[in-house]
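# Summary of the model geometry
Single-letter residue listing:
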Amino acid sequence: MKTATITREAYSTFVEQVSSQKVLHATLKPYRIEYRLKPELGAKRFYTVKPAGNTDDIPAMLQEHQVEFSTPSDDSGTAAGLVGALLGAGALLGAAAWFTREGAGGMGSAMGGVTAGKTKARTYNPAASKAKTRITFADVAGVDEAKQELKEVVDFLQDGDKYRKIGAKMPKGVLLVGPPGTGKTLLAKAVAGEANVPFLSMAASEFVELYVGVGASRVRDLFNKAKRQAPCIVFIDELDAIGKSRGANPHGANDEREQTLNQLLTEMDGFDGNQGVILIAATNRPEILDPALKRAGRFDRQVLVDRPDKSGRLEILKVHSSSVQMGKDVNLKAIAAQTSGFAGADLANLINEAALLAARNNREAVMMTDVKEAIERVIAGLEKRSRILSPTERKTVAYHEVGHAIVGSLMPGGSQVSKISIVPRGRGALGYTMQTPEDDRFLLLEDELRGQLATLLGGRSAEEVVFGKVSSGASDDIQKATDLAERAVTQYGMSPDLGPIAFEKTQSQFLENGSTRRSMGGEVAAEIDRLVKQSIHHAHEMAIAVLKLNHELLDSMAQKLLADDVLEGEQLKDMLAKAQAPVNAQIWLATGQMV
Ligand code: ADP
Ligand code: MG
Ligand code: ZN
């Protein structure tokens with residue numbers, strides 16, 4: 001950036017230099033004034049910022065002293081408009097503050113009724129922030145397709161004329177869809193950063209508070225503010241909080257939310273996209289959004305922001321480790337391979353955890369062992385050795401985890417059981433079995449899918465085989481197994497009876513009209529249920545058969561685990577190598593039938 005290399009001068013100095021005819025040229029940018037001294041003074045370049053509240057008429061002052069001046073883009077119209085922008089900017093600009101929280105009217109002021117409708121939008125102005133802190137596409141990794149789609153928006157904000165001249169209409173609204181932590185907020189900020197325009201953001205839940213009517217007036221206020229600052233980005237996070245389908249509330253309509261939503265729709269229809277206000281919203285639940293929001297002229301662009309694959313994770317790790325001292329033995333590729341399923345936020349968290357561990361160990365750089373420990377922490381929540389399980393609980397957890405491991409070790413699919421632990425970590429994770437795939441899998445073969453089902457049910461099956469009863473600890477496994485079995489039938493077409501018909505719509509079809517299942521007859525639905533039940537049932541039987549056959553191994557491994565808290569490495573490998581598969585396992589894996 002060329003502007004990054006020029007130095008800042010006090011505003012008073014600038015005024016003095018103008019008055020004493022030292023300035024050759026000035027460029028009036030919305031948030032700062034850049035200027036060059038005369039050649040005889042070395043043509044040095046500076047910039048300055050007008051203090052908040054100062055009302056000097058800069059163009060008049062420059063004219064009076066015969067200083068040439070220009071404005072970087074003329075599309076904002078008249079010089080008067082520009083001065084307006086300059087003055088407006090003054091209020092936004094604390095000396096270096098580029099985050100302003102406005103009208104933070106809480107309960108008290110809401111009672112007064114006057115300020116209640118003021119938006120609480122946060123404004124982030126990349127143009128006023130230092131080049132270093134500005135967020136750009138370089139800060140967002142592993143989501144190349146989403147970036148590609150958003151580049152057009154950036155281009156429009158930077159060079160709207162190009163589009164206006166040709167008569168192209170820009171989308172008014174872009175909806176970012178994806179799970180939490182994948183970088184939706186970050187992407188929206190990066191669009192503002194790349195285009196160098198203000199970023200007004202607000203969470204949809206902040207629109208709606210206690211008082212009826214407040215939400216609608218906040219929406220109005222937000223849009224008014226945006227129009228004044230155009231070109232700019234308005235970002236609405238968690239859009240589903242107000243955008244829920246109006247028919248989706250079984251307990252009667254929620255008036256406040258509905259009014260807010262209606263106001264949002266009205267505002268979106270009311271502004272001309274070519275004014276340069278672009279609305280970006282984020283949600284992780286597109287299916288519950290009101291269809292009216294997705295109509296043409298509203299959020300008619302949807303951009304999927306998914307969890308990154310292995311190479312994406314590597315890119316994200318590079319971004320986040322660039323500001324951390326990394327030791328020579330740290331292999332980012334290996335870390336990327338071990339973090340399947342992590343979202344960007346988890347990876348950022350991982351790097352930070354590793355850095356904290358390294359510092360705690362008085363190292364000067366992060367070592368691979370720090371990263372390994374950090375991975376475990378992030379996977380299963382923070383280590384909580386202090387939490388004491390009762391002896392019965394511990395024993396149950398140990399058998400449960402060894403059950404997963406033994407069944408898993410016999411199933412196809414190329415992932416290895418690399419660690420079993422019963423150190424309680426955080427909420428809800430009493431123990432875990434870590435399977436590390438060699439690679440990200442995009443294709444599951446039929447037999448691998450069955451193997452996964454059995455592995456998921458291995459924990460609960462071990463409890464049954466050993467204790468004759470089950471604990472509540474298997475609910476997550478059962479949920480996952482059921483999902484997987486259902487997908488096999490309804491999406492992957494793996495049922496020989498129903499054939500390769502997709503009963504479940506794909507994600508993009510589902511984004512279009514919210515319903516996930518294709519319409520089907522009652523018989524077909526019943527058949528799907530039967531097949532799902534059957535494949536779960538068979539997988540469960542297989543897991544039980546495996547564990548009965550390997551009962552001794554199950555006992556000895558569980559005892560060892562109870563003694564050591566963890567099983568890993570060669571020791572674990574050697575133990576699992578003793579596991580034997582039941583005679584009918586191969587046939588079941590191949591056909592799904594138990595014989
Ligand atoms: P979302 O809005 O999708 O829930 P955020 O944008 O708030 O996710 O992400 C939280 C943090 O996680 C970001 O500030 C960033 O540090 C990190 N992060 C998330 N996704 C990415 C990504 N794709 N590339 C780099 N960092 C990311
Ligand atoms: Mg977010
Ligand atoms: Zn389990």
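Residues numbered from 1 in each chain as written. Chains lettered and ligands numbered in written order. Predicted model: local features only at pLDDT ≥ 70, side-chain atom pairs only at ≥ 80, totals over all residues. Heavy atoms only, no water.

### Focus on the nonpolar core
- Val402, Ile406, Met411, Ile420 and Met557 are the most contacted members of the largest nonpolar core, which totals 47 residues.
- For this core, the secondary-structure elements that each account for two or more residues are helix 16 (391–410), strand 13 (415–421), helix 17 (446–467), helix 18 (475–490), helix 20 (522–549), helix 21 (551–564), helix 22 (569–577) and helix 23 (585–591).
- Considering every element that reaches this core, the biggest residue donor is helix 20, with 10 residues.
- Not counting residues up to four positions away in its chain, the partners in contact with Val402 are Ile420, Leu554, Met557, Ala558 and Leu561.
- If you look at the next biggest cluster of nonpolar residues, it comprises 30 residues, including Val154, Phe156, Met170 and Ala192. (Core = buried A, V, L, I, M, F, W, Y, C linked by side-chain atoms within 4.5 Å. Buried < 20%, exposed > 50% of the residue type's maximum accessible area, 1.4 Å probe, protein only. Helix = DSSP H or I, 4+ residues; strand = E, 2+ residues; numbered from the N terminus. Contact = heavy atoms within 4.5 Å.)

### Side note on the pairing of strand 11 (residues 277–283)
- Among the 7 residues of strand 11, 7 are classified as buried, and the element is accordingly described as predominantly covered.
- The side-chain alternation of strand 11 yields two buried faces, one formed by Val277, Leu279, Ala281 and Thr283 and the other by Ile278, Ile280 and Ala282.
- Taken together, the 5 bridges between strand 10 (residues 232–237) and strand 11 define a ladder with parallel strand orientation. Paired with Ile236 across the strands is Ala281, a residue of strand 11. (Pairing = 2+ DSSP bridges.)

### Thoughts on helix 18
- Taking 1.5 Å per residue, 16 residues should reach 22 Å; helix 18 reaches 22 Å between its end C-alpha atoms and fits that length.
- Packed against the buried residues of helix 18 are helix 16, helix 17 and helix 20. (Expected span 1.5 Å × (residues − 1).)

### Points about the pairing of strand 9 (residues 199–203)
- Of all 5 residues in strand 9, 5 are buried, a share of seventy percent or more.
- The sheet contact formed by strand 7 (residues 122–124) and strand 9 spans 3 bridges and is antiparallel. Its bridge partner lying in strand 9, Tyr124 is registered against Phe199.
- Taken together, the 5 bridges between strand 9 and strand 10 define a ladder with parallel strand orientation. Looking across to strand 10, one finds that Leu200 is bridged to Val234.

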